[in-house]
Amino acid sequence: MKLSIRKQHKVLNALIDLSREYRDNTIYRPENFENNFTFVTTGELIEYLKILESENLIDVCYGDYPDNFNINTLHITPTGLSHIPNVNYSNQKKWIDRIISFILGILSGWFITYVIPMIYSALQQSK
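Residues numbered from 1 in each chain as written. Predicted model: local features only at pLDDT ≥ 70, side-chain atom pairs only at ≥ 80, totals over all residues. Heavy atoms only, no water.

Draft legend 1. How the structure looks around the packing of aromatic side chains. One pass over the structure, following the stated rule, counts 4 aromatic pairs. On the numbers, 5.0 Å between centres and 55° between planes, the contact of Phe-33 with Phe-37 is tilted. Assessed through its relative accessible area of 1%, Phe-37 is described here as buried. Here Phe-37 and Phe-39 contribute two aromatic rings whose centre-to-centre distance is 6.2 Å and whose plane-to-plane angle is 70°, an arrangement assigned as edge-to-face. Overall, the relative accessible area of 25% leaves Phe-39 in the partly exposed class. (Phe/Tyr/Trp six-rings, centres within 6.5 Å; stacked < 30°, edge-to-face > 60°. Buried < 20%, exposed > 50% of the residue type's maximum accessible area, 1.4 Å probe, protein only.)

Draft legend 2. How the structure looks around the environment of Tyr-62. As for its position among the elements, Tyr-62 is in strand S2 (residues 58–62). Among all residues touching Tyr-62, those that are not within four sequence positions of it are Leu-49, Glu-53, Asn-70, Ile-71 and Asn-72. (Helix = DSSP H or I, 4+ residues; strand = E, 2+ residues; numbered from the N terminus. Contact = heavy atoms within 4.5 Å.)

Draft legend 3. Representation of the side chain of His-9. Here His-9 lies in helix H1 (residues 5–19). A relative accessible area of 19% means that His-9 is categorised as buried. Other than its neighbours up to four places away in sequence, His-9 contacts His-83, Ile-84 and Val-87.

Draft legend 4. Quick look at H1. For H1, which comprises 15 residues, the first-to-last C-alpha distance of 21 Å matches the rise-based estimate of 21 Å (1.5 Å per residue) to within 8%. Turning to H1, its buried residues are Gln-8, His-9, Val-11, Leu-12, Ala-14, Leu-15, Ile-16, Leu-18 and Ser-19. Its buried side turned inward, H1 meets strand S1 (26–28), helix H2 (42–54), S2, strand S3 (71–76) and helix H3 (78–126). (Expected span 1.5 Å × (residues − 1).)

Draft legend 5. Quick peek at the nonpolar core. Leu-15, Phe-33, Phe-37, Leu-45, Leu-49, Ile-58 and Leu-74 are the most contacted members of the largest nonpolar core, which totals 22 residues. Elements with a contribution of two residues or more to this core: H1, H2, S2 and S3. Ranked by the residues each element gives to this core, the list is headed by H1, at 6 residues. With near-sequence residues (within four places) excluded, Leu-45 lies in contact with Val-11, Phe-33, Glu-34, Phe-37, Val-40 and Phe-69. (Core = buried A, V, L, I, M, F, W, Y, C linked by side-chain atoms within 4.5 Å.)

Draft legend 6. Looking closely at the side chain of Glu-44. Position of Glu-44 among the secondary structure elements: in helix H2. One buried charged residue, Glu-44, remains without a salt bridge, the closest side chain of opposite sign being Lys-7 at 4.2 Å. A polar contact of 3.0 Å, which involves the side chain of Glu-44, links it to the backbone nitrogen of Thr-41. Those residues in contact with Glu-44 that sit more than four places away from it in its chain are Met-1, Lys-2, Leu-3 and Lys-7. (Lys, Arg positive; Asp, Glu negative; His and termini not counted. Salt bridge = Lys/Arg side-chain N within 4 Å of Asp/Glu carboxyl O. Polar contact = N/O pair within 3.5 Å; in protein donor to acceptor, adjacent residues only side chain to side chain.)

Next comes the structure, spelled out in structure tokens:
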């Protein structure tokens, strides 16, 4: 069983989409819960739920409901609702910083390679 951040985000997105069908971002005794997560196995889904709960992105209250994946309620926390947009914003900011650094590196290389020698030769000729 190989867990990944990408699948973890997919599980969280699926939970958020599923919670919109309920009130207060809380899923009550979901029927056929695992059918909403065809991209992971049941064992992986259990692990992802544990991970998301440990990161305070969801709150799960388990009960004796075998038909409902033993879930009484599953609540998406405000941190969980804002997690994916925050990750997307962070990635966007990181790429903008990388592009700016790349452009500044090219410009500084061009300046050092061409402009400074031209200034130096102009100063040498004026002596």
